[in-house]
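A closer look at the structure
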Amino acid sequence: MPSSRVFLVVVDDSPEMRPALRFACNRARSSGGQVALLRVIEPAEYQQFAAIGKLMQAEAREAAENLLSRLAGEVNSLSGHLPVLYVREGDPREELIAVITEEPSISVLVLGADTGSKGPGPLVTALTGKYVGKLRIPVTIVPGSLTDEQIDLIT
């Protein structure tokens, strides 16, 4: 059984998510901890026809669950434990803070940072800026440019 140390990774479509996931898996494995994955679905904007909006949300949820299911196998291989999976709907920043607030077992947030000229990404920017006071756990920011080998060396 894993320890009470849980490393939360936000699963999005950015390339920097992969290094953050590997970092979290390696840290969980070395500390006897566990990984948790959060996928946030943004609300459908097509509200004029409720049935279409519901269908779009159902499809988005199914896609999120399929993605997390695929990643769960990878997390299990890397960390030695199946991850905890969360699918939420809403604003990514607000849902992330809500999960951290509601789940006392989460002990570290691991985010990937974009290394491009546009900045580290909206979550990293928000959580190291005005939202930092809403967090009860430390944040580890993993540069998105790190290779698997570099991550393995530092974890």
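Here the structure is shown first, and the text comes after it.
What this report covers is the structure whose coordinates are included nearby. Nothing here was measured: the structure is a model prediction, and the numbers come from that model.

With respect to the pairing of strand 5 (residues 139–143)
In regular strands, side chains alternate between the two faces of the sheet. The pairing of strand 4 (residues 106–113) with strand 5 spans 5 bridges and is classified as parallel. Pairing of Val110 across the sheet is with Thr140, part of strand 5. Read as a crossover between parallel neighbours, the route from strand 4 over helix 4 (residues 122–127) to strand 5 is right-handed.

Re the pattern of salt bridges
Proximity of charged atoms lets side chains of opposite charge pair with each other. Counted according to the given criterion, the structure contains 8 salt bridges. A salt bridge links Arg39 to Asp13; the shortest N-O distance between them is 3.2 Å. With Arg39 in strand 2 (residues 34–41) and Asp13 in the loop between strand 1 (6–10) and helix 1 (17–31), this pair connects stretches of sequence that are 26 residues apart. In this structure, Arg88 engages Glu95 in a salt bridge whose closest nitrogen and oxygen atoms are separated by 3.4 Å. In this structure, Arg88 and Glu95 share a single accessibility class: buried. Beyond isolated ion pairs, a larger network of salt bridges with shared partners links Arg22, Asp148 and Asp152.

Notes on the pairing of strand 4
Summarising burial for strand 4: 7 of the 8 residues are buried, a large majority. For strand 1 and strand 4, the ladder comprises 4 bridges, and the chain directions are parallel. Its bridge partner lying in strand 4, Val6 is registered against Ile106.

As for the layout of surface pockets
One number sums up the size of the largest pocket: a volume of about 500 Å³. The leading source of residues in the lining of the largest pocket is helix 2 (residues 50–79), at 4 residues. In the lining of the largest pocket, the residues fall into 18 nonpolar, 3 polar and 7 charged.

Details of the sheet that holds strand 4
The strand order 3-2-1-4-5 describes an open sheet built from 5 strands, whose pairing is parallel. Unpaired on one side and paired on the other, strand 3 (84–89) and strand 5 mark the two borders of the sheet. Taking the axes of each pair of neighbouring strands and ignoring which way they run, one obtains an average angle of 25° across the sheet. Relative to the sheet, helix 1 contacts strand 1, strand 2, strand 4 and strand 5, its axis offset from that of strand 1 by approximately 170°.

Observations regarding the nonpolar core
Membership of the largest hydrophobic core comes to 24 residues, with the highest contact counts inside it found for Val9, Val11, Leu21, Val35, Leu37, Leu71 and Val110. Looking at this core, the elements that each hand over two or more residues are strand 1, helix 1, strand 2, helix 2 and strand 4. Take this core: its biggest share by element is 7 residues, from helix 1. Beyond its immediate chain neighbours, meaning those up to four positions away, Val11 contacts Met17, Leu37, Leu38, Arg39, Leu67, Leu68 and Leu71.

A few points about helix 3 (residues 92–102)
When helix 3 is considered as a whole, its buried residues turn out to be Glu95, Leu96, Ile97, Val99 and Ile100. On the buried face of helix 3, the contacting elements are strand 1, strand 2, strand 3, strand 4 and helix 4. Its side-chain oxygen placed 3.1 Å from the backbone nitrogen of Arg93, Asp91 serves as the N-cap of helix 3.

Considerations on the side chain of Glu16
Topologically, Glu16 is positioned in the loop between strand 1 and helix 1. Among buried charged residues, Glu16 stands out as having no salt bridge; its nearest opposite-charge side chain is Lys118, 11 Å away. Not counting the four nearest positions on each side in its chain, Glu16 is found in contact with Gly112, Ala113, Asp114, Pro120 and Gly144.

About the cut-offs
- Residues numbered from 1 in each chain as written.
- Predicted model: local features only at pLDDT ≥ 70, side-chain atom pairs only at ≥ 80, totals over all residues.
- Heavy atoms only, no water.
- Pairing = 2+ DSSP bridges.
- Helix = DSSP H or I, 4+ residues; strand = E, 2+ residues; numbered from the N terminus.
- Right-handed = clockwise from strand over helix to strand, strands pointing away.
- Salt bridge = Lys/Arg side-chain N within 4 Å of Asp/Glu carboxyl O.
- Buried < 20%, exposed > 50% of the residue type's maximum accessible area, 1.4 Å probe, protein only.
- 1 Å grid on protein atoms, 1.4 Å probe; cavity = no way out; pocket = protein on both sides within 12 Å on 5 of 7 lines; lining within 4 Å.
- Points joined across faces, edges and corners; volume = space filled by probe spheres on them.
- Nonpolar A, V, L, I, M, F, W, Y, C, P; charged D, E, K, R; others polar.
- Axes fitted to C-alpha atoms, helices over the stretch in contact; angles between N-to-C directions.
- Contact = heavy atoms within 4.5 Å.
- Core = buried A, V, L, I, M, F, W, Y, C linked by side-chain atoms within 4.5 Å.
- Polar contact = N/O pair within 3.5 Å; in protein donor to acceptor, adjacent residues only side chain to side chain.
- Lys, Arg positive; Asp, Glu negative; His and termini not counted.

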